[in-house]
Amino acid sequence: MKLALVATLVGSAAAFNAKDMDLGKVAQVGAVSGALAFGIAAPAFAADVGAGEQVFNANCAACHAGGQNVIMPEKTLEKAALDQYLAGGRKESSVITQVTNGKNAMPAFGGRLSDDDIANVAAYVIATSESGWDE
């Protein structure tokens, strides 16, 4: 927040000393500074794979232990199966959608798990599909 306030002050100071400055650039600096100050342009943080493993073990492993699927055996969490079956392709955003909304026999976890927990478990699933599941 301190950085955002400093950016806002610098942007404001530049606006008042704009004799030889491009007013369009000054407006851009002010808009970006204001967005930072009010959290509109907050940086995105990477999901936590370690926390995702904990969420997975507590909520997903009953059906998906070792990256498998006890309900639909062909639709595992292995890299090739995610490439073939996961709507949207093998990426975190696709896992987030599936975990949040559910699909077929898989229940929706949106509302049961926080957005951060879902993002973390998605990061864990994708990372582990690439490195290989321990059977």
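What comes next is a walk through the structure. (Residues numbered from 1 in each chain as written. Predicted model: local features only at pLDDT ≥ 70, side-chain atom pairs only at ≥ 80, totals over all residues. Heavy atoms only, no water.)

What follows covers the packing of helix α6 (residues 92-101) against helix α7 (residues 115-131). At a minimum axis separation of 8 Å, α6 and α7 run at an interaxial angle of 125°. Relative to α7, the element α6 lies oblique. Judged by the twist between their axes, the crossing of α6 over α7 is right-handed. The segment α6 lies against α7, with E92, V95, I96, V99 and T100 engaging I118, A119, V121, A122, A123, V125 and I126. Along the lines of polarity and charge, the residues of the contact of α6 with α7 split into 10 nonpolar, 1 polar and 1 charged. (Axes fitted to C-alpha atoms, helices over the stretch in contact; angles between N-to-C directions. Helix = DSSP H or I, 4+ residues; strand = E, 2+ residues; numbered from the N terminus. Parallel < 35°, antiparallel > 145°, perpendicular 65-115°, else oblique. Left-handed = near helix turned anticlockwise from the far one by under 90°. Contact = heavy atoms within 4.5 Å. Nonpolar A, V, L, I, M, F, W, Y, C, P; charged D, E, K, R; others polar.)

The next subject is the side chain of S129. Structurally, S129 can be placed in helix α7. Once residues lying within four places of it in the same chain are set aside, the contact partners of S129 are L77, E78, K79, L82 and R90.

The next point concerns α7. When the terminal C-alpha atoms of α7 are compared, their 24 Å separation across 17 residues agrees well with the 24 Å that a helix rising 1.5 Å per residue should span. Restricting attention to buried positions, one finds in α7 the residues I118, N120, V121, A122, A123, Y124, V125, I126, T128 and S129. (Expected span 1.5 Å × (residues − 1). Buried < 20%, exposed > 50% of the residue type's maximum accessible area, 1.4 Å probe, protein only.)

Let us look at the nonpolar core. Within the largest apolar cluster, 18 residues are counted, with the highest numbers of intra-cluster contacts made by F56, L77, L82, V95, V99, V121 and V125. If you list the elements that add at least two residues to this core, you get α3 (49-59), α6 and α7. With 6 residues, α7 is the single largest residue contributor to this core. Those residues within four positions of V99 in sequence are excluded, and the remaining contacts are M106, P107, A108, F109, G110, I118 and V121. (Core = buried A, V, L, I, M, F, W, Y, C linked by side-chain atoms within 4.5 Å.)

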